[in-house]
Every structure is written in structure tokens, then in C-alpha cells.
Amino acid sequence: MTELLIKNMVCQHCVQAVRNMLDKLGYAGAEVELGKAVLPVTPDAAEMRRIDEELRGLGFELITDADSQLVEQAKLLVMHHVREEKGMRHNLSDCMERNLNVSYDTVSRIFSQKEGRTLEKYHIAQKIERVKELLQYGHHTLSEIADMVDYSSVAHLSRQFKTVTGMTPTEYLRGPQRRKGLNEV
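## With respect to helix H8 (residues 154-165)
In an α-helix, one full turn covers 3.6 residues, which means residues spaced three or four apart are oriented alike.
Argument step 1. For H8, which comprises 12 residues, the first-to-last C-alpha distance of 16 Å matches the rise-based estimate of 16 Å (1.5 Å per residue) to within 8%.
Argument step 2. Turning to H8, its buried residues number three or more, namely Leu157, Gln160 and Phe161. Looking down the long axis of H8, one finds its buried residues gathered within 105 degrees of arc, a one-sided arrangement. Residues Arg159 and Thr163 are exposed on H8 and point more than 90 degrees away from its buried face.

Printed below as a string of C-alpha cells:
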């Protein structure tokens, strides 16, 4: 068995794209989840290059160095933290330290060096993406969404939404609702 850590996987569509690609390469039965795949066999060096090329063609990338692995783990934790509505009331820095066994300052420093933006800005961007999804579903009020995504108020959510997207949540809802597919530019 071989575990591959994969950069840029952010949703279940990514998981499916990687699973399909691995199936096509003859790795049927690979276990794929956000940020990683476990292959049932160990590929040789040429096959690893082929896997890496296929992943890059899909917009993903194999992670090989420790700092990049830490950054990807931090990203996955942020996504989980933002989407886990019931257990989200705990502090992000505590969550990072508990799950990564590294100080938050270290994770934050390495994240900024590798990504060119702070971990906090990444966290805010993920929260806004979650807000967009919830708005599109149309099942919740803005007040409910603010609570679900851990904003202190609708006003705070709206200010941050406008800062990140350039529009208010209402303007966003009036705009085009179609999301682009994985292969669309």
C-alpha cells in the first residue's frame, strides 16, 4: 500500500476526479479522500511520474516535502472546521494544534511562506465559499447562515462577504448561480 498526499483537492468532485484518474491508470480500489489517496500497490518511479503528470493535468499535484504536507493538512482542517456546523464553536488555532501536533504560530508561518497569504485569510475565504453554497441552496435565512458559519452577526458576515467577493450576499444571489465544472476555464 502507498499513501499519496495530493495538493488542491477541495471538494467531493475533486475526490471523484482523482478516483476516476486512478481507475483509468489501473489502480481500481484505491481509497481516495480529500488530500490523499491510498493505492493498493506500490508504484515504481516511472508510474509515480505518470500519476503526477495525470494529477497535474487535472489541476492537482503530489506533495513530497514536509512543509507542503503540513500546509495541505492545515487546509483540510480549515475546510473541515468551516463545514462542521455543530462542532465549529472551538477555536481554529486550538483545532490546528490538537490535530497537527505543531504550534499554531509554526503552522501559520509555514502556511504564509508556502501560500503567499495568511492562514486567517484562507480561513475567511473558506467561510465565504461555505456562505455562497448555503445561499445557493436557498434553505436558510442570512441570519441562520451567519450562525452556521460562526459569524457574530449578519452585518459582520455581510461586510466580510463584500470584502472578499466585491458584492453583498443579496447581490450575489441576484447574479448567475451556475458553478463551473472541473474542466471549465
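## Here's the deal with the state of the cysteines
Argument step 1. For the structure shown, the criterion picks out 0 disulfides.
Argument step 2. Free of any disulfide, Cys11 has its nearest neighbouring cysteine sulfur in Cys14, separated by 3.6 Å.

## Concerning the packing of aromatic side chains
Argument step 1. All chains considered together, the criterion is met by 2 aromatic pairs.
Argument step 2. Both rings, one in Phe111 and one in Tyr122, keep their centres 5.5 Å apart while their planes meet at 55 degrees; by these two values the pair is tilted. Of this pair, Phe111 sits in helix H5 (residues 104-115) while Tyr122 is found in helix H6 (residues 119-137), placing the two residues 11 residues apart along the sequence. There is no split in this pair, since Phe111 and Tyr122 are both buried.

## Here's the deal with helix H3 (residues 66-83)
Argument step 1. The first and last C-alpha atoms of H3 sit 26 Å apart over 18 residues, in line with the 26 Å expected at 1.5 Å per residue.
Argument step 2. Along H3, the positions that sit buried rather than exposed are Ser68, Leu70, Val71, Glu72, Ala74, Lys75, Leu77, Val78, Met79, His81 and Val82.
Argument step 3. Tucked into the core, H3 has its buried residues touching strand S1 (2-7), helix H4 (92-100), H5 and H6.
Argument step 4. Here H3 starts with a cap whose side-chain oxygen sits 3.3 Å from the backbone nitrogen of Asp67, and that cap is Asp65.

## Quick notes on the sheet that holds S1
Argument step 1. Read from one edge to the other, the open sheet built from 4 strands follows the order S2-S3-S1-S4, with strand pairing classed as antiparallel. In the strand order of this sheet, the two ends are held by strand S2 (31-33) and strand S4 (61-62), each with one partner.
Argument step 2. With 2 bridges joining them, S1 and S4 adopt antiparallel strand pairing. Bridged to Lys7 within S4 is Glu61.

## Observations concerning the pairing of strand S3 (residues 36-39)
Argument step 1. Bridge count for S1 against S3 is 4 bridges, and the pairing is antiparallel. Within S3, the position partnered with Thr2 by the bridge is Leu39.
Argument step 2. In this sheet, S3 lies alongside S2 in antiparallel orientation, the contact comprising 3 bridges. Along S3, the bridge assignment pairs Val32 with Ala37.
Argument step 3. In textbook terms, the turn of a hairpin is the stretch between consecutive antiparallel strands, and for S2 and S3 this stretch comprises 2 residues, one of which, Gly35, has a positive phi near 85 degrees.

## What to know about the packing of H5 against H6
Argument step 1. At their nearest, the axes of H5 and H6 sit 8 Å apart, and the two run at 80 degrees to each other. Judged by the angle between their axes, H5 and H6 are roughly perpendicular. Two secondary-structure elements touch here, H5 through Tyr104, Val107, Ser108, Phe111 and Ser112 and H6 through Leu119, Glu120 and Tyr122.
Argument step 2. A breakdown of the residues in the contact of H5 with H6 according to their chemical character gives 5 nonpolar, 2 polar and 1 charged.

## Points about the confidence of the model for the protein
Argument step 1. With 91% of its residues at a pLDDT of 70 or more, the protein has an overall mean of 86.
Argument step 2. Contacts of residues 178-185 to residues separated by more than four positions or lying in other chains number 9 contacts, the stretch itself having pLDDT below 50.

## Here's the deal with the pattern of salt bridges
Argument step 1. Inspection of the entire model under this criterion finds 12 salt bridges.
Argument step 2. Across the pair Lys36 and Glu3 runs a salt bridge, and its minimum N-O distance is 3.4 Å. One end of the pair, Lys36, is in strand S3; the other, Glu3, is in strand S1, and 33 residues separate them in sequence.
Argument step 3. With relative accessibility at 47%, the residue Glu3 sits in the partly exposed group.
Argument step 4. Ionic pairing is found between Lys75 and Glu72, a salt bridge with its closest N-O pair at 3.4 Å.

What counts as what
- Residues numbered from 1 in each chain as written.
- Predicted model: local features only at pLDDT ≥ 70, side-chain atom pairs only at ≥ 80, totals over all residues.
- Heavy atoms only, no water.
- Helix = DSSP H or I, 4+ residues; strand = E, 2+ residues; numbered from the N terminus.
- Expected span 1.5 Å × (residues − 1).
- Buried < 20%, exposed > 50% of the residue type's maximum accessible area, 1.4 Å probe, protein only.
- Arc of directions from axis to C-beta.
- Disulfide = S-S within 2.5 Å.
- Phe/Tyr/Trp six-rings, centres within 6.5 Å; stacked < 30°, edge-to-face > 60°.
- Contact = heavy atoms within 4.5 Å.
- Polar contact = N/O pair within 3.5 Å; in protein donor to acceptor, adjacent residues only side chain to side chain.
- Pairing = 2+ DSSP bridges.
- Axes fitted to C-alpha atoms, helices over the stretch in contact; angles between N-to-C directions.
- Parallel < 35°, antiparallel > 145°, perpendicular 65-115°, else oblique.
- Nonpolar A, V, L, I, M, F, W, Y, C, P; charged D, E, K, R; others polar.
- pLDDT = per-residue confidence, 0-100.
- Salt bridge = Lys/Arg side-chain N within 4 Å of Asp/Glu carboxyl O.

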